[in-house]
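Now for the letters of each chain:
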Amino acid sequence: MSRTIMLIPISAGVGLTSVSMGVIRAMERKGVSVSFFKPIAQPRHGGDQPDLTSTIIEANSNIKTAEPVQMSKAEELLGNEQMDVLLETIVERYNQLNDSAVTLIEGLVPTRKHPFANQVNYEIASTLGAEIVFVATPGTYNPVQLKERIEIAVSNFGGTKNKSISGVIVNKLNAPVDEEGRTRPDLSEVFDDADSAIQANIDAMEIINSSPIRVLGCVPWNIELIATRAIDMAKHLKAEVINEGELTTRRIKSITFCARSLPHMVEHFKPGSLLVTSADRPDVIVAAALAAMNGVEIGALLLTGGYEMSDKVADLCKRAFDTGLPVFSAEGNTWQTSLNLQSFSLEVPADDKQRIEFVNDHVARHIDGPWIDSLAESTQAIRRLSPPAFRFQLTELARKAGKRIVLPEGDEPRTVKAAAICAERGIANCVLLGNPDEIRRVAEQQGVELGAGVDIIDSAKVRENYVPRLVELRAKKGMTEIVAREKLEDSVFLGTMMLENGEVDGLVSGAVHTTANTIVPPFQIIKTAPDTSIVSSIFFMLLPDQVLVYGDCAINPDPTAEQLAEIAIQSAESAKAFGIDPRVAMISYSTGTSGKGADVDKVREATELAQAKRPDLVIDGPLQYDAAIMENVAASKAPNSPVAGKATVFVFPDLNTGNTTYKAVQRSADLVSIGPMLQGMRKPVNDLSRGALVDDIVYTVALTAIQAAQAE
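Here the structure is a predicted model, which is why all the values come from computation and not from measurement.

(A) Quick peek at the pairing of strand 21 (residues 547-551). The buried count for strand 21 comes to five of five residues, which makes it a mostly enclosed element. Of the two faces of strand 21, both are covered, the one formed by Val547, Val549 and Gly551 as well as the one formed by Leu548 and Tyr550. Across five bridges, strand 20 (residues 536-542) lies against strand 21 in antiparallel orientation. Within the sheet, the bridge partner assigned to Leu542 lies in strand 21 and is Val547.

Printed below as a string of structure tokens:
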């Protein structure tokens, strides 16, 4: 049975787009098939442009949407008292989405331009038989005042007797606001005196206990929600880029106008800060450059006044610019620039995938679990493991595992950030190896707090503890104390010894080290699991609508038929362990019996060996890639195959094929891939790409923690 949920804002500025995306993500995590519909487009700047939520969803997911009615058309129909015609049009478009389990409707925001919003929302909800969920924000109100506002909203929709009213989601809890209730985060210095921002401090339970209807979510404010890219600021100001650096990836979390003397401004030279200064202030420019060279990831440096930077100053700052510090210049003076920044929109752009993901996950984490479960339970037949569901499952399983994971690259900035995130989300207790002072310095420069859930171990102080054991383990290979000490200078060797000794449950490395540097110490010390003849790897490929498993794409250059069969079984077991129904395709350049040659014969033999060894698994091959994944191709090339057209696990014949395919699919389709995850080790060790993002490290830590729990 399909359900329709309508989000109705009780006022402007509630963050409706964020809530819509978060609710969708919460449903996706539970495997609920969802579609989205904004009945009447309501772009921020008026006109007949697409609405923001639909634009973001269409650009970043495969969720089905319906075309909204343009605002000008809706206003024309309402002005001619043709509400019935408007509703008929909306119903017609809504019916295009009837194949999903849940349809999420986003209502109109009541504004001065659209005073009819509440009436139209009421009519749409009644016409579509939608369950109503109000969206509110405290603003400057205390819980009692917020309760009164919610009661008024409820009364406008039939009061508590209206059984279609499901509850309310409160967004922007404890956001800094101005006296008019407008959200004013750290960027408040742009708009007003920073002291004018009011920081509310309302406990979520106060709202839950006082609300006249069920509270389905209390979403706390987080500065990352409005952390805009430096390039978006530059585009808004029509600025000239002097040094591109990391313009597309640096985030602006605060703005500082450098009008004071240098000693009074240095405290504002912090990660994520946009430093605004006149181009004829070389003292500020050089000070910012020094901060950048010391590892502080300043968001960007904005020069005003229309002056050109001196060549001598530019040369002096070159090393700082090479660290990635974006520098751009605006034509107006500092006052004019501040006025231009006032009109900058903090809404998330549709192409800012990283921020969209953060918004989705942040809001989803604070939506009422039992409510989402009720949606999932009523739509069991339509559930599937989408990428958001897979990622959510990873973090949930990792939390339950409660493992301790060592990160040998303890002073690497991405690793430090990932460790903090893992601790914050309860994914794992991370152990950072290295010099404690250097690790804390890197954390401070990144704006990261390393508190509970992150342990820092001084490599120099503990190294000697593992010399006797390493000598014992490698005695037959001629290991001596002198060589053992040399080996333990390598942080991966040291982390591996901690793993062998049971002090940690898993190891993740590779952000700096090569694959060989990461896996050789475990191969020598940890070794393979019992009854396992080979160590292999898999990648989890997060396609828009499903998750596939690719193996082996990182370890074995040219496996034999026996080894390939073992890789297929390992990969199927890994898929099953992470909630993916394993249907294993043994990939080759030929399908079935059509091809001849040593390579296809190897795949055919491996398929037979795997089938004989594990008749309980669904394994078929040889299959060409298109026959394995596309139903129409499978119908002609392998009509009787139990795998063709619906494969979830792809086993490649050699490393050349596997690595090339995974990278081609990942880069061409702009997909997230998680891995490589090593299979067959006695204790879990996982390798990272040296280009790994912070999220890649976080999910690899989660994988490792889950593997550790499964090994028990």
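Structure's up, so let's keep going.
(B) Region of interest: the sheet that holds strand 13 (residues 273-278). With mixed pairing, five strands are arranged side by side in an open sheet as 10-15-14-13-12. Of all the strands in the sheet, just strand 10 (240-243) and strand 12 (254-257) have a single pairing partner and so form its edges. Taking each pair of neighbouring strands and ignoring which way they run, the sheet shows an average axis angle of 25°. Sheet analysis places strand 12 next to strand 13, joined by four bridges and oriented parallel.

(C) Molecular detail of the pattern of salt bridges. By the definition in use, this model includes 33 salt bridges. With its nearest N and O atoms 3.2 Å apart, the salt bridge here joins Asp373 to Lys30. Pair noted here: Asp373 is in helix 15 (residues 369-377) and Lys30 is in the loop between helix 1 (16-29) and strand 2 (34-37), with a separation of 343 residues, a long-range link. Classification of Asp373 as partly exposed rests on a relative accessible area of 27%. Judged by its relative accessible area of 25%, Lys30 falls in the partly exposed class. Close ionic contact of Arg404 with Asp455 constitutes a salt bridge, the shortest N to O distance being 3.1 Å. A residue pair is termed long-range when its members are at least 10 positions apart, and Arg404 in strand 16 (residues 404-407) and Asp455 in strand 18 (residues 454-458) qualify at 51 residues. Residue class for Asp455 comes out partly exposed when judged on its relative accessible area of 26%. The structure contains a network of salt bridges with shared partners spanning Arg25, Glu28, Arg29, Glu357 and Asp361.

(D) Inspection of helix 28 (residues 655-668) at higher detail. For helix 28, which comprises 14 residues, the first-to-last C-alpha distance of 19 Å matches the rise-based estimate of 20 Å (1.5 Å per residue) to within 8%. Burial in helix 28 covers these residues: Gly658, Thr661, Tyr662 and Gln666. Viewed along the axis of helix 28, the buried residues span an arc of 120°, placing them on a single side of the element. Those residues of helix 28 that are exposed and aimed more than 90 degrees away from the buried face are Asn656, Arg667 and Ser668. Summarising the contacts, the buried residues of helix 28 are in contact with strand 20, strand 21, helix 26 (625-629) and strand 25 (672-679). Sitting at the head of helix 28, Asp654 places a side-chain oxygen 3.3 Å from the backbone nitrogen of Asn656. Trailing helix 28 by a residue or two, Asp670 shows a phi angle of about 55°, which is positive.

(E) Just the confidence of the model for the protein, in detail. Residues with a pLDDT of 70 or more make up 95% of the protein, whose mean pLDDT is 87. Scored below 50 in pLDDT, residues 188-199 shows 28 contacts in the model against residues more than four places distant or in partner chains. Under a pLDDT of 50 for its full length, residues 380-384 has, in the predicted model, nine contacts with residues more than four places off or in other chains.

(F) How the structure looks around the side chain of Ser20. Mapped onto the fold, Ser20 is located in helix 1. With a relative accessible area of 0%, Ser20 lands in the buried category. At 2.6 Å, the side chain of Ser20 and the side chain of Glu106 are in polar contact.

So, how was this worked out
All residue numbers refer to positions counted from 1 along the written sequence of the respective chain. Since the coordinates come from a predicted model, pLDDT governs what is reported: local features require at least 70, and pairs of side-chain atoms require 80 or more to be given and counted, while whole-chain, interface and lining totals use all residues. The side-chain values count all of the structure's non-hydrogen atoms but skip hydrogen atoms and water molecules. A simple rule labels every residue: compare its accessible area, found with a 1.4 Å probe on the protein chains alone, to the largest value its type can have, and call it buried under 20%, exposed over 50%, or partly exposed in between. Counting from the N terminus, the helices are the DSSP runs of H or I reaching at least four residues and the strands are the DSSP runs of E reaching at least two. Pairing between two strands requires that DSSP report at least two bridges joining them. Here an axis means a line fitted to C-alpha atoms, over the contact stretch when the element is a helix, while the angle between two N-to-C directions is reported on a 0 to 180 degree scale. What makes a salt bridge here is a side-chain nitrogen of Lys or Arg within 4 Å of a carboxyl oxygen of Asp or Glu, nothing more. Each helix should span, by expectation, one fewer than its residue count multiplied by 1.5 Å. The directions considered for the arc run from the helix axis to the C-beta atoms. Residue contacts follow a heavy-atom distance rule, with two residues in contact if any of their heavy atoms lie within 4.5 Å. In protein, a polar contact requires one atom able to donate a hydrogen and another able to accept it; more generally it is a pair of N or O atoms within 3.5 Å, and residues adjacent in sequence count only if both atoms are side-chain atoms. The predictor's confidence in any single residue is recorded as pLDDT, a number from 0 to 100.

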